[in-house]
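# Residue-level structure breakdown
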Amino acid sequence: MKHLLSTRDLARDDAIRILDIAEDMSEVSTREVKKLPALRGKTVVNLFFEDSTRTRISFEAAAKRLSADVINFSAKGSSVSKGESLKDTAQTLAAMGADGVVIRHPASGAPQVLAQSDWIDAGVVNAGDGTHEHPTQALLDAFTMRRRIHGTASRGKALDGVSVVIVGDILHSRVARSNLWLLRTLGAEVTFVAPATLVPVGADTWPATVSFDLDATLAAVRPDVLMMLRIQSERMNAAYFPNAREYSRQWGLDDERLALLGPDSIVMHPGPMNRGLEISAGAADSAQSTVLEQVANGVSIRMAVLYLLLSGEREAHA
Amino acid sequence: MSDRYLLKGATLPDGRPADILIEGDRILSTATTTTGASASAKAGTGTTVIDADGLVALPGLVDLHTHLREPGFEQSETVLTGTRAAAAGGFTAVFAMANTLPVSDTAGVVEQVQALGRAAGYATVRPIGAVTVGLQGERLSEIGAMAQSLAGVRVFSDDGKCVHDSLLMRRALEYVKTFDGVIAQHAQDPRLTENAQMNEGALSSELGLKGWPAVAEESIIARDVLLAEHVGARLHICHLSTAGSVDVVRWAKARGIQVTAEATPHHLLLTEELIRSYDARYKVNPPLRRDEDVQALREGVADGTIDIIATDHAPHPRESKECEWDAAAFGMVGLESALPVVQTALVDTGLLDWADVARVLSNTPAAIGRLHDHSHSFEDGSPANLTLVDPAASSVFALDRLHGKSRNTPFEGVTLSGSVRWTFHKGFPTLRDGVLAEPGEVPSRV
Amino acid sequence: MARTVLQQTDIARALTRISHEILESNRGAGDLVILGIPTRGVILAERIGQLIAGIEPGADPASMIGSLDITMYRDDLSKNPTRAPSPTRVPRNGIDGKTVVLVDDVLYSGRTIRAALDALGDLGRPRAVRLAALVDRGHRELPIRADFVGKNLPTSREERIHVRLADIDGVDEVTIEG
């Protein structure tokens, strides 16, 4: 694997391999010495054109646990035009000898542009691009589901037959997209629930069931996994829905809806949460909630990805 | 070099073989073998004889939609470099869009653009005037002054932006009637396309690029044809890109509305699937659409719903394309690739014959733009604006075919039929067997 | 041309002898941890552990046997295609203060054992570390030697040693090729 740009192109065996290696990595996180020498002497750059402290520190912890040197490059608010700064920045990082670039960018496709360019010959990890994909988030979500479902017997397993309901702003969510492709590859069934304004055009051609009605979906699907997406307040101003109260009433996970879930169902959220909007405090803090596990698992997944991309001999430039 | 040329054994657009004799800026005679009269007999000594066997002769191509970028954006293109590209593509006239800096919204600017074109000499440059001051869509520009200037502007367009205010559009349509002008509308509802990046559909959703719905184009066209009908004005629609737009124009024509429409070569060949690469060379306004749209546009050209093909040649410097998709500029260069794309998409597929090509790439655009004494049908005494095409050539389009300042072609690496071999502008060969004349040789037309 | 140098009975005898030697040098099975190095070292460690439990009453294989993956500690990671790591399983009482016997199938350059010592250091602090190998083929590149050897097998660098074990290869044998 040279880059990780999306989950759409990830083969089932490769996905399971990443999850399995993440199991090994998560064991390291429980040891007294939480460090492996695998990437000693390698340089990983966290290139963030968009603020995301959580994702950045997760990648930073992952790289450091593999003994890589980490450089954090926050390129947000640069005065040069966006286009120039991506190329110039990439060439700067190449000159500094970066082996891996973890890129977060508000423009969809920016990681792919970087990977295809001859500006830099480094492994590229997409840490979230526009409304396109966020592959490590989907992988950590799948890892979290697999652990909850299969426990210590997770290795080698997929998610065949697992029903996942993803609720919220599908239109703008790279997490929803990456999860859809990965979960389908791993054999899970996916249902999207959102107001019609927040369902992407053409989603009817996607391998997911689309519903506008959360209560009907919960009753019909009895999901193993209920994933609540963060709702951005600026969507209200752009006429996607009238106000927070109406959104919360129709599509929020409140305590009543939580009570309808089976005891083994799990509640996920990619964070950061808007408590009281898309998820109630009771649901967020319930035993079914995996929010904190997701954070811990994120480090293991990112260790696995960085290991796979950067440890082996460098593949010929594509 | 002599100013007498004999093009021996060319094939006219209607398929007849002919010897074409050019003297000065006129076609002295076109002798088809069936008429028996031999142009060669009249040629005499001092005539440059060109073996045109196997080459199709077309009236000089006329592009109603070219961005020459001068004044203001000379890092992308100048009138000189843009008309060199035109000559290389078989064009003898280009209509220069108004989105320059300063905007071509006054007589001074349009006269300057025309003067630059005459000085360069590679092609006839007809400036297009802005409909509104500064392309701001608020107040009409000095349309009368531009129409009556030395540039004699007849086409008015805010291209790049839509004249979206309904009342302003109505007034513009009415006002240009005074000068026999036409409004060339860039049909794009601005609210429906805020920050839009590509055709709206399943693919835009998958790629996470903001969608540009077909309805944003079609609704403006529907409004404007009804406005044109209401005020009895001529209307030209730039670069149709959707099947729905073709339907609306077809409906309008059936109703007798004075509407003409254009399609670009790239919309006749390329689809949105290319955008999977996030390669900004494929970023264009209007965006590349679905295969269904490409097929509908081709049918529209074939049945005459779409009157002309225009390049929307839009040069951009490298840095505007070597970047992430959202930050990249819209536009593609198209002058050199236009005829090969038209042959590949429409002639080789049997939808058009060469007479149709002459119509959609020369006769009709000249008529819409009121460009007189330029295009023709090879009658004796016609202006010597013509191009010779080798339709048997087929090659992978490469960057060395480009002669403008910018390299943003979407056709690099695409196999295209046809090759422009010769171009004559007012009797002067600007392109000689594929080799472009040097600026010093080309006579200025001042 | 492959030539068999150890057959199933040879391997069984060698492992039995190694088990006795380990017990002798450790003065019993107390505080003993046997860690195999993936892939075949893990199987050998399992067999040695079972043999020891059979010899020494009261020895519990589950609290003695484990595996130690050394992939992340290799010094040639960036010179080869990416390797998938294998799980590391340490007996529940850990390795602190224990005598750890590392088990590998073939001892060659010594680099694997160097990596294993590093990996062990990150897991805890054993009282002593010993090394058992089914085959020692020589050509050491580091100052490392085995404490318990099944068979010393002089080879040239061009020759290749294959250890096959019934659990994954269907047969117990050691062959030499080249």
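The rules behind these values
- Residues numbered from 1 in each chain as written.
- Chains lettered and ligands numbered in written order.
- Predicted model: local features only at pLDDT ≥ 70, side-chain atom pairs only at ≥ 80, totals over all residues.
- Heavy atoms only, no water.
- Helix = DSSP H or I, 4+ residues; strand = E, 2+ residues; numbered from the N terminus.
- Rg over C-alpha atoms; globule rule 2.2 N^0.38 Å.
- Buried < 20%, exposed > 50% of the residue type's maximum accessible area, 1.4 Å probe, protein only.
- Contact = heavy atoms within 4.5 Å.
- Lys, Arg positive; Asp, Glu negative; His and termini not counted.
- Charge placed at Lys NZ, Arg CZ, Asp CG, Glu CD.
- Phe/Tyr/Trp six-rings, centres within 6.5 Å; stacked < 30°, edge-to-face > 60°.
- Core = buried A, V, L, I, M, F, W, Y, C linked by side-chain atoms within 4.5 Å.
- Domains from an automatic or database assignment.
- Pairing = 2+ DSSP bridges.
- Axes fitted to C-alpha atoms, helices over the stretch in contact; angles between N-to-C directions.
- Buried area = accessible area lost by both parts, 1.4 Å probe.
- Nonpolar A, V, L, I, M, F, W, Y, C, P; charged D, E, K, R; others polar.
- Salt bridge = Lys/Arg side-chain N within 4 Å of Asp/Glu carboxyl O.
- Polar contact = N/O pair within 3.5 Å; in protein donor to acceptor, adjacent residues only side chain to side chain.
- 1 Å grid on protein atoms, 1.4 Å probe; cavity = no way out; pocket = protein on both sides within 12 Å on 5 of 7 lines; lining within 4 Å.
- Points joined across faces, edges and corners; volume = space filled by probe spheres on them.
- pLDDT = per-residue confidence, 0-100.

## Here's the deal with the overall build of chain B
Across its full length, chain B holds 12 helices and 19 strands. In summary, chain B has a C-alpha radius of gyration of 21 Å against a globular reference of 22 Å for 446 residues, a match within 12%. Across the 446 residues that make up chain B, the buried fraction comes to 63%. Long-range pairs, those at least 24 residues apart, make up 73% of the contacts in chain B between residues at least 6 apart in sequence. Computed over 39 positive and 57 negative side-chain charges, the separation of the two mean positions in chain B equals 4 Å.

## Here's the deal with the overall build of chain C
Along chain C, the regular secondary structure elements total four helices and eight strands. Listing the helices and strands of chain C from first to last along the sequence gives β-α-β-α-β-β-α-β-β-β-α-β. A compact globule built from 178 residues would reach a C-alpha radius of gyration of about 16 Å, and chain C, at 16 Å, matches this within 12%. By the burial criterion, 49% of the 178 residues in chain C qualify as buried.

## A short note on the packing of aromatic side chains
Applying the stated criterion to the full structure yields eight aromatic pairs over all chains. Between Phe241 of chain A and Tyr247 of chain A, the aromatic rings sit 5.0 Å apart at their centres with planes inclined by 40 degrees, giving tilted as the arrangement. On the accessibility criterion, Phe241 of chain A (5% relative accessible area) is buried. We classify Tyr247 of chain A as buried; its relative accessible area is 0%. With a centroid separation of 5.1 Å and 65 degrees between ring planes, the pair formed by Tyr5 of chain B and Phe424 of chain B is classed as edge-to-face. Here Phe424 of chain B lies in strand E17 (residues 415–425) and Tyr5 of chain B lies in strand E1 (residues 4–11), a separation of 419 residues in the sequence.

## Points about the nonpolar core
Formed by 107 residues in total, the largest nonpolar core has its most connected members in Ile166 and Leu306 of chain A. No other element matches helix H12 (residues 291–310) of chain A, which puts 10 residues into this core. Looking at which domains feed residues into this core, each of domain 1 (12–133 + 296–317) and domain 2 (135–289) of chain A gives three or more. Not counting residues within four places of it along the chain, the set of residues in contact with Ile166 of chain A comprises Ala176, Asn179, Leu183, Val190, Thr191, Phe192, Val193, Met227 and Leu229 of chain A. Val153, Leu168, Ile309 and Val389 of chain B belong to the second-largest nonpolar core, a separate cluster that totals 77 residues.

## A short note on unusual backbone geometry
Of note, the amide linkage connecting Gly271 of chain A to Pro272 of chain A takes the cis form, showing an omega dihedral of -10 degrees. One can find Pro272 of chain A in the loop between strand E9 (266–268) and helix H11 (281–284). Residue Pro71 of chain B is reached from Glu70 of chain B by a cis peptide bond, and omega for that bond is 5 degrees. In this structure, Asp433 of chain B takes a positive phi of about 45 degrees despite not being glycine. When you line up the elements, Asp433 of chain B lands in the loop between strand E18 (428–432) and strand E19 (435–436). Taking relative accessible area as the criterion, Asp433 of chain B reaches 46% and is therefore assigned partly exposed.

## A word on the sheet that holds strand E5 (residues 128–136) of chain C
Residue and element names in this part refer to chain C. Spatial ordering of the open sheet is given by E3-E2-E4-E5-E6, a layout of five strands whose pairing is parallel. In this open sheet, the two strands that pair with only one neighbour each are strand E3 (65–67) and strand E6 (148–152). Here the average twist between neighbouring strands, direction ignored, is 25 degrees. Note: E5 against E6, four bridges, orientation parallel. Each bridged residue has a counterpart across the sheet, and for Asp136 the counterpart in E6 is Asn152.

## Here we look at the domain arrangement of chain B
Residues and elements named next belong to chain B. Considered domain by domain, chain B is made up of domain 1 (4–56 + 380–393 + 418–436) and domain 2 (58–368). Domain 1 and domain 2 are separated by 30 Å when their C-alpha centres are compared. At the interface, 16 residues of domain 1 touch 21 residues of domain 2. With both chains or domains summed, domain 1 and domain 2 bury close to 1,500 Å², and 66% of this area falls on carbon and sulfur atoms. Among the secondary structure elements, those contributing two or more residues to the side of domain 1 that touches domain 2 are strand E16 (386–396), E17 and E18. In terms of residue class, the side of domain 1 that touches domain 2 is built from nine nonpolar, six polar and one charged.

## Quick word on the interface of chain A and chain C
Counting residues at the interface gives 18 residues for chain A, matched by 18 residues for chain C. The largest share of the area that chain A buries against chain C comes from Arg31, Tyr307 and Glu313 of chain A, three residues that together contribute 31% of it. There are one salt bridge connecting chain A and chain C. Two residues, Asp122 of chain C and Arg31 of chain A, come together in a salt bridge whose shortest N-O distance is 3.9 Å. Applying the counting rule to chain A against chain C returns five residue pairs in polar contact (both at pLDDT 80 or more). Mapped onto the side of chain A that touches chain C, the elements with two or more residues apiece are helix H1 (12–28) and H12 of chain A. Of the residues forming the side of chain A that touches chain C, the biggest block, five residues, is contributed by H1 of chain A. Of the residues that constitute the side of chain A that touches chain C, the class distribution is eight nonpolar, two polar and eight charged.

## A word on the side chain of His132 of chain A
Relative to the elements of secondary structure, His132 of chain A occurs in the loop between strand E4 (123–129) and helix H5 (135–150). For His132 of chain A, a relative accessible area of 8% translates into the label buried. At 2.7 Å, the side chain of His132 of chain A forms a polar contact with the side chain of Asp129 of chain A. Within the local environment of His132 of chain A, its side chain forms a polar contact with the side chain of Tyr278 of chain B, the two groups lying 3.2 Å apart. Sequence-distant contacts of His132 of chain A, that is, excluding residues within four places in its chain, are made with Ser108, Gly109, Arg174 and Arg177 of chain A together with Glu206, Leu207, Gly208 and Tyr278 of chain B.

## Thoughts on the layout of surface pockets
Residues and elements named next belong to chain C. A volume near 700 Å³ is recorded for the second largest pocket. Considering the residues around the second largest pocket, the lining is formed by 31 residues, among which Pro38, Arg74, Asp104, Asp105 and Thr112 are closest to the centre. Mapped by element, the contributors of at least two residues to the lining of the second largest pocket are helix H2 (40–55), strand E4 (99–107), helix H3 (111–123) and strand E7 (160–164). Per element, the largest residue contribution to the lining of the second largest pocket is five residues, and it comes from H3. For the lining of the second largest pocket, the residue count by class is 11 nonpolar, eight polar and 12 charged.

## A closer look at the confidence of the model for chain C
Here chain C averages 94 in pLDDT, and 100% of its residues register 70 or above. Overall fold confidence for the complex sits at a pTM of 0.92, while the interface term, ipTM, reaches 0.93.

## Topic: the sheet that holds strand E8 (residues 124–127) of chain B
Residues and elements named next belong to chain B. Taken in spatial order, the three strands line up as E6-E7-E8 in an open sheet, and their pairing is parallel. This sheet does not close on itself; its edge strands, each paired only once, are strand E6 (61–66) and E8. Taking the axes of each pair of neighbouring strands and ignoring which way they run, one obtains an average angle of 20 degrees across the sheet. One ladder, built from four bridges, connects strand E7 (residues 91–96) with E8; its direction is parallel. Along E8, the bridge assignment pairs Val94 with Val125. Sheet strands touched by helix H12 (residues 354–368): E6 and E7. Its angle to E6, the strand with the most contacts, is close to 55 degrees.

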